[in-house]
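# Coordinate inspection notes
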Amino acid sequence: MVSIVLASHGKFAEGIMESGQMIFGPQKDVAAVTLTPDMGPDDLKAKLKDAVASFDEQEHVLFFVDLWGATPFNQVNGLLASEGHEDWVMVTGLNLPMLIQAYGDRMSEETAAAIAKDVFTEAKNGIRIKPEELEPKEAAPAAAAAATAVPAGAIPEGTVIGDGHIKIVFARVDTRLLHGQVATTWTKAANPDRIIVCSDGVASDQLRKTMIIQAAPPGVHVHVVPIKKICEIAKDPRFGNTHAMLLFETPQDALRAIEGGVPVKKLNLGSMAHSVGKVVVTNALAMDQDDVDTLEKIKSKGVEFDIRKVPADKAESYDAVIKKAKDELAAQAANK
């Protein structure tokens, strides 16, 4: 029998598993894996692996995930790419009709792939409107791709497109780079026509690069480039019509880009993961002395800071955050 993993933000996966059991009865080899605010991507990945390890059937596993492009998606996608068997399959947009269909199908179907094809249709058919006259008579056509800049190699060098200056509509430091908070909230707030992940490490890692590109929100192109390349793009007049969101993994990468001529006027600090030697400054930011020094250098170049995870959050004071980081680092040094 095909095993099933339900993965979500918060307790949604646990709740829908309970709902499914109320309708279809107790189910063997089904696990709910939840992402909580105190967890990082590696923590979620470990929970996913533990869930699969608990199944009697580990060759045929169907992953139901809540959102395309968010952290549960990214971690399952990574498992499929690096550790998955031939019949490990993921379907996003988890809803109850899809789950009930899967419970029924796995009584006769032997592969996750076969079940995935069935539940895809059932999941869409389960979305209805009352009163019925509000339902579209035909499926809405796919949204047209947003206007994009012409690739640098498509036209002669020196050609000026638009005003010849790339538009940086949003720049963010986020250890996780492109994930749910970025794909589902910041892209709506900033309205870029492309997202550019600026990282030497990711640009040279084909697996991570592919996973990030696959997490692109609808209608937005995603590219992964090294820091040197984004500096070249910033000076290339062929990108004058590009409205770009820039994502940096670290403040050090952001500083290199700014020093290289990338016109970042405001930098959002969304997430800086904790590691050995760093102090926890907020629930999303951890810093060491190099981070503090780097942020101060960025500020000295006239860049403003926007410290919040999502647009709805109240922005925190840069001065207060840096002061706390310095105090915590001083206390850490005194205790050594």
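Let me sum up the structure you'll find in this document.

Reading the values: rules and limits
- Residues numbered from 1 in each chain as written.
- Predicted model: local features only at pLDDT ≥ 70, side-chain atom pairs only at ≥ 80, totals over all residues.
- Heavy atoms only, no water.
- Pairing = 2+ DSSP bridges.
- Helix = DSSP H or I, 4+ residues; strand = E, 2+ residues; numbered from the N terminus.
- Axes fitted to C-alpha atoms, helices over the stretch in contact; angles between N-to-C directions.
- Contact = heavy atoms within 4.5 Å.
- Salt bridge = Lys/Arg side-chain N within 4 Å of Asp/Glu carboxyl O.
- Buried < 20%, exposed > 50% of the residue type's maximum accessible area, 1.4 Å probe, protein only.

A separate point is the sheet that holds strand β3 (residues 60–65). The 4 strands lie next to each other as β2-β1-β3-β4, forming an open sheet whose pairing is parallel. Two strands close off the open sheet at either side, each with one partner strand: β2 (30–35) and β4 (87–92). Averaged over neighbouring strand pairs, the angle between their axes works out to 20 degrees when direction is ignored. Where β3 meets β4, 6 bridges bridge the pair, whose relative direction is parallel. Bridge assignment links F63 to a residue of β4, and that residue is M90. Across the sheet, helix α3 (residues 71–82) lies against β1 (3–9), β2, β3 and β4, angled at about 165 degrees from β4, the strand it touches most.

Looking now at the pattern of salt bridges. Across all of its chains, the model carries 16 salt bridges by this definition. Residues K326 and E296 are paired through a salt bridge, measuring 3.1 Å at the closest nitrogen-oxygen approach. Residue K326 is located in helix α12 (residues 318–334), and its partner E296 is located in helix α11 (residues 289–300); the two are separated by 30 residues in the primary sequence. Note on E296: relative accessible area 28%, which makes it partly exposed. With its nearest N and O atoms 2.9 Å apart, the salt bridge here joins K323 to D327. Of the two residues, K323 and D327 both sit in helix α12, 4 residues apart, roughly one turn of that helix. In this structure K323 comes out as exposed when scored by relative accessible area, which is 51%. One continuous salt-bridge network, built from bridges that share partners, spans D200, D253 and R256.

In short, shape yes, function no, at least from these values alone.
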